[in-house]
Amino acid sequence: MGVIVLRSDAMQTSWQRERMEENKVIKKYTLVARAAADKSKKHGKAICSAGITPEDGLIRVFPLLTETRMKAWNTYEVNVDKCRTDTREETWKADVSYAPTEIGKEDRYECLGMLAENNLATSIRQLNAERKSLAVIIPDQINEMWFDMRDKAGADWGKESVLERPRIAFNLAGKTHQLQILEMGCYEWLRNSRNKPAQLWDNLRLTDRDYRHMFLIGNMARYKTSWMIIAVMQIKLSLWKHESVLSVGQLEKQTGVNTCSRWEQVRVDLCKISTREH
């Protein structure tokens, strides 16, 4: 549904080589989601984040130190550095010697509109073919949610701190996918509410027919056809009215970016999905 420009291997290699030599400050990085903290050889533990920028669109910034306080839909100025170990073009390496500086808070629905405008994929097969590593999808149907269980918890932080590995099975473009959720908030809930893990699904409104969902997904650096859910973004259908499109229309007037028609199509798609049986 989105138009993504393909690069030849030669062009992509040249582009990556050029970017690896570049240090810069991203003036406006609007955080969309953070994955649960994971082990880092250099920093002990670190967080991978995803967000949107006016210049580069949807990108990945890591590592963020666990003591770095950032909130979804807030905008930050971040310093990024060379990224020699990750060839995914959306990836930037955070310069941890500079703490991100908060510069404002954005409207959630305008951000969702921008995400859908440029990053909505019709299938995971499309993403693999186009060598993308970040995207948003709207599942046709959510089939099942469950937990893969570990034998024992490890560290007292991040995804190693709980036994459960939340997973979702869903249909998209005629195929069934089973992806693990990596969203930080899910693991914090599981860690702090050990006696009621199943309530996680209610928190995400995955069984509530009054809500539809967009998934922010990302692939793995080493296994680029293996995908994870970085964020589950729920949208109440009663709010999915023309007024929400108009707010994006105001953004269009300011930026000159034609997001309104695309957002309307996403709204229509979600309303169509709402009439299907789960």
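Right above here is the structure, for reference.
The following refers to the structure shown.

How each quantity is defined
- Residues numbered from 1 in each chain as written.
- Predicted model: local features only at pLDDT ≥ 70, side-chain atom pairs only at ≥ 80, totals over all residues.
- Heavy atoms only, no water.
- Helix = DSSP H or I, 4+ residues; strand = E, 2+ residues; numbered from the N terminus.
- Expected span 1.5 Å × (residues − 1).
- Buried < 20%, exposed > 50% of the residue type's maximum accessible area, 1.4 Å probe, protein only.
- Pairing = 2+ DSSP bridges.
- Axes fitted to C-alpha atoms, helices over the stretch in contact; angles between N-to-C directions.
- Contact = heavy atoms within 4.5 Å.
- Phe/Tyr/Trp six-rings, centres within 6.5 Å; stacked < 30°, edge-to-face > 60°.
- Core = buried A, V, L, I, M, F, W, Y, C linked by side-chain atoms within 4.5 Å.

1. As for helix 2 (residues 108-119)
Phase 1 of the analysis: The first and last C-alpha atoms of helix 2 sit 16 Å apart over twelve residues, in line with the 16 Å expected at 1.5 Å per residue.
Phase 2 of the analysis: Counting buried positions along helix 2 yields nine of twelve residues, so the element is predominantly enclosed.
Phase 3 of the analysis: Along helix 2, the positions that sit buried rather than exposed are Y109, E110, C111, L112, G113, L115, A116, E117 and N119.

2. Comments concerning the sheet that holds strand 8 (residues 134-137)
Phase 1 of the analysis: With antiparallel pairing, three strands are arranged side by side in an open sheet as 8-12-13. Because the sheet does not close on itself, it has two edges, and the strands there are strand 8 and strand 13 (227-236). Put simply, the sheet's adjacent strands are angled 20° from each other on average, direction ignored.
Phase 2 of the analysis: Sitting on the sheet, helix 2 touches strand 8, strand 12 (211-219) and strand 13, and the angle it makes with strand 13 is about 130°.

3. Notes on unusual backbone geometry
Phase 1 of the analysis: Cis geometry marks the peptide bond from F62 to P63; its omega dihedral reads -5°.
Phase 2 of the analysis: With respect to the helices, strands and loops of the structure, P63 is situated in strand 4 (residues 57-65).
Phase 3 of the analysis: Positive phi outside glycine occurs at R131, with the angle close to 60°.
Phase 4 of the analysis: Relative to the helices and strands, R131 is located in the loop between helix 3 (124-129) and strand 8.
Phase 5 of the analysis: Within the chain, A173 stands out as a residue other than glycine whose phi angle is a positive 55°.

4. Here we look at the sheet that holds strand 10 (residues 164-172)
Phase 1 of the analysis: In spatial order, the strands read 9-10-11; together these three strands make up an open sheet with antiparallel pairing. Looking at which strands have only one partner, the edges of the open sheet turn out to be strand 9 (141-149) and strand 11 (175-180). Strand-to-strand twist in this sheet, taken as the mean axis angle between neighbours without regard to direction, amounts to 20°.
Phase 2 of the analysis: Here strand 9 runs beside strand 10; their pairing, made up of eight bridges, is antiparallel. The residue bridging D148 from the neighbouring strand is R165, located in strand 10.
Phase 3 of the analysis: Helix 4 (residues 184-192) rests against strand 9, strand 10 and strand 11 of the sheet, and its axis sits at about 140° to strand 10.

5. Observations concerning the pairing of strand 10
Phase 1 of the analysis: By the criterion of burial, strand 10 is predominantly enclosed, with eight of the nine residues buried.
Phase 2 of the analysis: Two elements, strand 10 and strand 11, share six bridges in a ladder whose sense is antiparallel. Bridging from a neighbouring strand, A169 pairs with Q178 of strand 11.

6. Re the packing of aromatic side chains
Phase 1 of the analysis: Scanning the model with the defined rule gives two aromatic pairs in all.
Phase 2 of the analysis: Here the aromatic rings of F170 and F215 are separated by 5.4 Å at their centres, their planes lie at 80°, and the arrangement is edge-to-face. In this pair, F170 is assigned in strand 10 and F215 in strand 12, connecting sequence segments 45 residues apart. Of the two residues, F170 and F215, both sit in the buried class.

7. So, the nonpolar core
Phase 1 of the analysis: With 29 residues, the main nonpolar core has I168, F170, I181, F215, I217, I229 and V232 as its most contacted residues.
Phase 2 of the analysis: When residues of this core are traced back to their parent elements, those giving at least two are helix 3, strand 8, strand 9, strand 10, helix 4, helix 5 (199-203), strand 12 and strand 13.
Phase 3 of the analysis: Ranked by residues supplied to this core, first place goes to strand 13 with four residues.
Phase 4 of the analysis: If we skip the residues at most four places from it in the chain, F170 touches I137, P139, Q141, I142, N143, K175, T176, H177, L179, F215 and I229.

8. Considerations on the pairing of strand 3 (residues 44-53)
The side chains of a regular strand alternate between both faces of the sheet.
Phase 1 of the analysis: Buried residues dominate strand 3, accounting for seven of its ten residues.
Phase 2 of the analysis: Of the strand pairs in this sheet, strand 3 and strand 4 are connected by seven bridges, and their pairing is antiparallel. Note on strand 4: the bridge partner recorded for T53 is G57.
Phase 3 of the analysis: In textbook terms, the turn of a hairpin is the stretch between consecutive antiparallel strands, and for strand 3 and strand 4 this stretch comprises three residues.

9. A closer look at the environment of C83
Phase 1 of the analysis: Within the fold, C83 resides in the loop between strand 5 (74-81) and strand 6 (91-94).
Phase 2 of the analysis: C83 sits in the buried class, given a relative accessible area of 5%.

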